[in-house]
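# Survey of secondary and tertiary structure
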Amino acid sequence: GTRSSLAGSFRSDKNSNFSNSVSYNLAFTVELKTGETKSSWGSYLHASTGTGVANPTFFEMFGFIPSSFKGNKDLKPEHSNSWDIGITVRSDDSRWVGDVTYFKANLEKEIFTAYDPETFVASSLNSEDDSDRSGIEVSFSASFSDAADITAGYTYLDSKDSNSRTEVRRPQNSGFIRVISMFHADKGTGVLSYSYTGEQADSEFVYATPADRVDLDSYGLLDIDLGYQISESFTVFLSASNVLDTEYVEVFGYRSPGRTLKLGVTASF
């Protein structure tokens, strides 16, 4: 017969400042039959759905630095609902696993920061229209030997704000690949990872220009982490971030760190 699982949770919030709310999460997995013949792999259908509520923060409601950010006591909580469905394929020994998932999410009353170019004072507001996000995630992991594993993932994201514009800092394409290897009787561990972030938009706060958006270039980062257990209590490690010293921007106007090297020892007793 087929194997299946179902999980769920419900949450009730009582709030003195906002309306009481109920949120939930449901998820299930069903094994798909592969026929009467024995197979070295299996496939599974999985899906989930859920809702959530995020209340305004203290600073959004009451502000900070009155000359530059004014609070808004009339803010309403954000409400989100989402669902996803996908298929997982794995070998019987779980040495390789692949998954494809489609997801969709909706955000109501999204809280955003509005700037007044005349007074230079900012304040938080609730969006009148909904924000929508949808996309596809693809992942794969495999063990090629007892000492090496590889994991990779890719995400395509279509994210629109309440004005039907692409949301800021939400790249349409992103992905990663990671290789983990054990050596010298499993005393040593090596991790090689590469992450990719595609082109994305960001807010542009230069009031002297009419534009309020700017495009950020895509970039890739290579990281290396090495560790070796020299005794039962001590492990030496070397961590190299952004090995290729790539110049990239995550937030408009701020340069991100270049190549970083860390060498150290950890102790446990």
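No experiment lies behind these values; they were computed from the predicted model shown.

With that settled, the discussion passes to the sheet that holds strand β7 (residues 111-115). The mixed open sheet is built from 3 strands, whose spatial order is β4-β8-β7. The open sheet terminates on both sides in strands that have one partner only, identified here as β4 (69-70) and β7. Both β7 and strand β8 (residues 122-126) contribute to a ladder of 5 bridges, which runs antiparallel. Bridge assignment links A114 to a residue of β8, and that residue is S123.

By way of backbone hydrogen bonds, the strands of a sheet pair with one another, either parallel or antiparallel. Spatially, the 12 strands line up as an open sheet ordered β1-β2-β3-β5-β6-β9-β10-β11-β12-β15-β16-β17, and their pairing is antiparallel. Bordering the open sheet on either side are β1 (4-13) and β17 (260-267), each of which pairs with just one other strand. Averaged over all pairs of adjacent strands, the angle between strand axes in this sheet comes to 10 degrees, irrespective of strand direction. Two elements, strand β3 (residues 41-54) and strand β5 (residues 78-91), share 14 bridges in a ladder whose sense is antiparallel. Bridge pairing in β5 places Y44 opposite T88.

Tallied over the entire structure, the rule returns 7 salt bridges. The salt bridge involving R11 is made with D13; its shortest N-O contact spans 3.1 Å. R11 gets classed as exposed once you look at its relative accessible area, which sits at 53%. For R133, the salt bridge identified is with E167, shortest N-O distance 2.8 Å. With R133 in strand β9 (residues 131-145) and E167 in the loop between β10 (148-160) and β11 (173-183), this pair connects stretches of sequence that are 34 residues apart. With respect to class, R133 is no different from E167; both count as buried. Via salt bridges that share partners, E110, R133 and E167 belong to a single interconnected network.

Its boundaries defined by the atoms lining it, the largest pocket holds a volume of some 960 Å³. Among the elements that line the lining of the largest pocket, the one with the most residues is β7, at 5 residues. Looking at the lining of the largest pocket residue by residue, the classes come out as 11 nonpolar, 7 polar and 12 charged.

Regular strands show a simple pattern: their side chains alternate between the two faces of the sheet. Bridge count between β5 and strand β6 (residues 96-108): 12 bridges; the pairing is antiparallel. Bridged to S82 within β6 is A105. Counted along the chain from β5 to the antiparallel partner β6, the turn is 4 residues long, and its residue S94 has a positive phi close to 60 degrees. The pairing of β6 with β9 spans 12 bridges and is antiparallel. Across the sheet, V100 pairs through a bridge with V138, a residue of β9.

A contiguous nonpolar surface patch, about 670 Å² in accessible area, is contributed by W83, I85, V100, Y102, I136, V138, Y154 and Y156. Elements supplying a minimum of two residues to the nonpolar patch: β5, β6, β9 and β10. Checked against the element boundaries, Y156 lands in strand β10. On the basis of relative accessibility, which here comes to 32%, the residue Y156 falls in the partly exposed class.

The next thing to look at is unusual backbone geometry. With a phi close to 55 degrees, K109 is a non-glycine residue in the positive phi region. A relative accessible area of 38% places K109 in the partly exposed class. Here the phi dihedral of H184 falls at roughly 50 degrees; this positive angle occurs in a residue that is not glycine. Tracing the backbone through its elements, the reader meets H184 in the loop between β11 and β12 (188-197). Relative accessible area serves as the criterion here: at 53%, H184 is assigned to the exposed category.

Calculation rules
- Residues numbered from 1 in each chain as written.
- Predicted model: local features only at pLDDT ≥ 70, side-chain atom pairs only at ≥ 80, totals over all residues.
- Heavy atoms only, no water.
- Pairing = 2+ DSSP bridges.
- Helix = DSSP H or I, 4+ residues; strand = E, 2+ residues; numbered from the N terminus.
- Axes fitted to C-alpha atoms, helices over the stretch in contact; angles between N-to-C directions.
- Salt bridge = Lys/Arg side-chain N within 4 Å of Asp/Glu carboxyl O.
- Buried < 20%, exposed > 50% of the residue type's maximum accessible area, 1.4 Å probe, protein only.
- 1 Å grid on protein atoms, 1.4 Å probe; cavity = no way out; pocket = protein on both sides within 12 Å on 5 of 7 lines; lining within 4 Å.
- Points joined across faces, edges and corners; volume = space filled by probe spheres on them.
- Nonpolar A, V, L, I, M, F, W, Y, C, P; charged D, E, K, R; others polar.
- Patch = residues over 30% accessible without salt bridge, like charges linked within 9 Å, V, L, I, M, F, W, Y side chains within 5 Å.
- Areas by Shrake-Rupley, 256 points an atom, 1.4 Å probe, with all protein chains shown as cover.

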